[in-house]
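Here are the chains, one letter per residue:
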Amino acid sequence: MRANWIKARGATRHEHGELRRVAKREGSNPLRLAADGFKRTFLQPRHVPLGFERLTTSPSCREGFHVKQRIVPIVLAVALFMENMDSTVIATSLATIARDIGTSPIALKLALTSYFVSLAIFIPISGRMADRFGAKEVFRLAIVVFMAGSIACAFAGSLHAFVFARFLQGMGGAMMTPVGRLLLVRAVPKGDLVSAMAWFTIPALIGPLVGPPIGGAIATYADWRWIFLINIPIGIAGIALSTRFLPHVERIADITFDWTGFALSGLACAGIVFGFSVVSLPALPPVFGAIMVLVGAIFAVLYVGHARRATRPVIDLAMLGIPTLRAAVIGGAVFRIGAGAVPFLFPLMLQLGFHFTPLQSGLVSAASVGGAMGMKFLARPILRRFGFRSTLLGAGVVGGMFTALIGVYRPEIFMPFLIVFLLAGGFFRSLFFTSINTLAFADVPKQKASDATALLAAFQQVAIATGVATAGAILEAGMVMQGTEVPTLGTFTTAFLIVGGISALASAPFLLLPHEAGAEVAGHRVAAAATERRVPAE
């Protein structure tokens, strides 16, 4: 009897039978084999049955393939959601945790800093680990390490134990997001990468939205340790889903670890991130942070010299020779300096300048997340219509403008204006980030995707720390100049204007890109047509 699980125009009964026999032998579902590219994976080219091209491109197969394209990024985003929610939950509960373990909230910020330092150290080696041991295996191990760090945080009884536990969490976090992005790049065709990146980041945006109220509620009505223990069921779900749905990515043979480069890059990133993170902490003198930044810069120079001599450096700076990757790394780093300051500046302005409560501040801040989530559904049509170059030029300038407009808002102005600024700013910032995260891999060979991931993630981490340090330095300078103990609204206005200008400058690297840059990934029809018109002329 003819199978009813697939409708293939022109396929013979013999061809259906062959597909069923191979599926039974492999212990899989025939439709899944077809949708996953059964022809390429399980049959040699000479054994491909006549009519199989039609069978694998049937409507049923295409539907199953696109469903998989959505499932993979959403499963990967479970880890991203856990990591983002964890960081925002902790921020609202520092005072409660500090009181319980017998320290001050200022000193406890060193625990948050240790997390970022751990990220900075281990992010550069994440891609090489995925190549050597398998991206899917490393991703699941990263979730386990993050869960172990969460349990250690929950049972920490002193500042030292809490700092160590957060460092352990950072080791897992350093592998989760970069390796998850690497899995996505290798599992998804370039033409579907924009949509996949959008699905990948949507659940991650929910973490910062629900994190503050969850953290506040737990700290107020329950034991703060549950803030970390809620990561356990989320992590278990992530491991189960990744085991079930993530594709197997082959390991790359002959991978060698650049231990010298790992040490130099780790010391460079850790010194810069730690220095920028503690430069404004009252617990340490500012000169200590400046010295750490200088030490990190020295190790960065040493690493550049090492990378030029090494055969396979842990962060391959030679990949900056790819124009699209170079523009994404430089433009993205500059934009993150400005955008990374906003989560630090905005709550402070609402609470110190507008006298909002923490709850009111959190609710107002959620508007930017709404704008960012709305953009994810429009990213692909925007890029298809305008291409990467025009989109990034516009998103950088307009996103910086709306960041600056937040600073000129005053409490007596109609509140919906501020909500519009936040929605629009969140929309264009998210559009910029989605675009650069996709453009970065547009011209990178699949086998070099891990190197591009490590390079992009390392620059991003340093840029975020630089943004927070820049915002803190502006506020500190304003207080010194005005002789006040807290920043005034005028100081916040200056800070937002500066970081908004920095964000707008991020568009400059994309001026050097051709209009058709990343056309295959964006599906930019105008650019593709222009390329075709130039071919006969040559």
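Residues numbered from 1 in each chain as written. Predicted model: local features only at pLDDT ≥ 70, side-chain atom pairs only at ≥ 80, totals over all residues. Heavy atoms only, no water.

### Some thoughts on the overall build of the protein
When helices and strands are tallied, the protein shows 23 helices and 0 strands. Here the protein, with 538 residues, has 52% of them falling under the buried criterion. The contacts in the protein between residues at least 6 apart in sequence include a share of 80% that link residues at least 24 apart. Total accessible area computed for the protein in this model is approximately 23,700 Å², and 68% of it derives from carbon and sulfur atoms. (Helix = DSSP H or I, 4+ residues; strand = E, 2+ residues; numbered from the N terminus. Buried < 20%, exposed > 50% of the residue type's maximum accessible area, 1.4 Å probe, protein only. Contact = heavy atoms within 4.5 Å. Areas by Shrake-Rupley, 256 points an atom, 1.4 Å probe, with all protein chains shown as cover.)

### Structural notes on the packing of helix α9 (residues 159-187) against helix α20 (residues 449-482)
One can describe the packing of α9 onto α20 by two numbers: an axis separation of 10 Å at closest approach and a directional angle of 140°. Judged by the angle between their axes, α9 and α20 are oblique. Between α9 and α20 lies a crossing whose hand is right-handed. Where α9 approaches α20, its residues P178, R181, L182, V185 and R186 are matched on the opposing element by A449, S450, T453, L456, A457 and Q460. (Axes fitted to C-alpha atoms, helices over the stretch in contact; angles between N-to-C directions. Parallel < 35°, antiparallel > 145°, perpendicular 65-115°, else oblique. Left-handed = near helix turned anticlockwise from the far one by under 90°.)

### Describing the packing of helix α15 (residues 323-339) against helix α19 (residues 415-439)
In the contact formed by α15 and α19, the axes pass within 9 Å of each other and the chain directions differ by 150°. Regarding the angle of α15 to α19, the classification is roughly antiparallel. Crossing of α15 against α19: the hand is left-handed. For the pair α15 and α19, contact is made by T324, A328, G331, G332, F335, R336 and A339 and by R429, F432, F433, I436, N437 and L439, respectively. By residue class, the composition of the contact of α15 with α19 is 7 nonpolar, 4 polar and 2 charged. (Nonpolar A, V, L, I, M, F, W, Y, C, P; charged D, E, K, R; others polar.)

### Concerning the nonpolar core
Note that soluble globular proteins tend to have their nonpolar side chains buried in a common cluster. Of all hydrophobic cores here, the largest spans 90 residues; its most connected members are L325, F432 and F510. Setting aside chain neighbours within four positions, we find F510 in contact with A327, A328, G331, R389, L392, L393, F432, I436 and L439. Grouped together as the second largest cluster of nonpolar side chains are 24 residues, A341, L350, F356 and A367 included. (Core = buried A, V, L, I, M, F, W, Y, C linked by side-chain atoms within 4.5 Å.)

### Considerations on a nonpolar patch on the surface
A surface patch of nonpolar side chains, about 320 Å² in accessible area, is lined by V287, F288, I291 and V295. With respect to the helices and strands, V287 occurs in helix α14 (residues 286-309). Since its relative accessible area comes to 53%, V287 is described here as exposed. (Patch = residues over 30% accessible without salt bridge, like charges linked within 9 Å, V, L, I, M, F, W, Y side chains within 5 Å. Salt bridge = Lys/Arg side-chain N within 4 Å of Asp/Glu carboxyl O.)

### Regarding the packing of aromatic side chains
Where two aromatic rings form a pair, the distance of their centres and the angle of their planes describe that pair. Counted under the stated rule, the structure contains 20 aromatic pairs. Note on W224 and F228: the rings are 6.1 Å apart at their centroids and 90° apart in plane angle, and the pair reads as edge-to-face. Each member of the pair W224 and F228 is classed as buried. A ring pair is formed by F402 and F428, whose centres lie 6.3 Å apart and whose planes are at 10°; its orientation type is stacked. Taken together, the residues F402 in helix α18 (residues 379-408) and F428 in helix α19 connect sequence positions 26 residues apart. The ring of Y115 has R166 lying over it, and the distance from NZ or CZ to the ring centre is 4.3 Å. The ring of F245 carries the charged tip of R244 above its face, separated from the ring centre by 5.0 Å. (Phe/Tyr/Trp six-rings, centres within 6.5 Å; stacked < 30°, edge-to-face > 60°. Lys NZ or Arg CZ within 6 Å of the ring centre and 35° of its normal.)

### Description of the environment of C153
Relative to the assigned elements, C153 resides in helix α8 (residues 135-154). Residues C153 and V163, 10 residues apart in the sequence, show an inter-C-alpha distance of 8.5 Å. Apart from the residues lying within four places of it in its own chain, the contact partners of C153 are F162, A165, R166, Q169, W224 and F228.

### Some words on the side chain of R336
Within the secondary structure, R336 is located in helix α15. For R336, a relative accessible area of 13% corresponds to the buried category. The residues touching R336, leaving out its near neighbours within four places in the chain, are F433, N437, Q460, A463 and I464.

### Considerations on the side chain of K136
With respect to the helices and strands, K136 occurs in helix α8. No salt bridge forms around the buried K136; measuring N to O, its nearest opposite-charge neighbour E137 is 6.6 Å away. Side-chain polar atoms of K136 contact the backbone oxygen of L246, separated by 3.0 Å. Not counting chain neighbours up to four residues away, the residues in contact with K136 comprise L183, S242, T243, L246 and P247. (Lys, Arg positive; Asp, Glu negative; His and termini not counted. Polar contact = N/O pair within 3.5 Å; in protein donor to acceptor, adjacent residues only side chain to side chain.)

### Some details on the confidence of the model for the protein
Averaged over all residues, the pLDDT of the protein is 76; the fraction at 70 or higher stands at 77%. Note that residues 1-16 has pLDDT below 50 and, in this model, 29 contacts with residues that lie over four places away or in other chains. Contacts from residues 33-67, a stretch scored under 50 in pLDDT, to residues over four places away or in other chains number 52 contacts. (pLDDT = per-residue confidence, 0-100.)

### A few points about the environment of H306
As for its placement among the helices and strands, H306 is situated in helix α14. Under the relative-accessibility criterion, H306 is labelled buried at 11%. For the pair H306 and S265, spaced 41 residues apart in the sequence, the C-alpha separation amounts to 10.0 Å. With residues up to four places along the chain from it excluded, the contact list for H306 reads D258, T260, G261 and L264.

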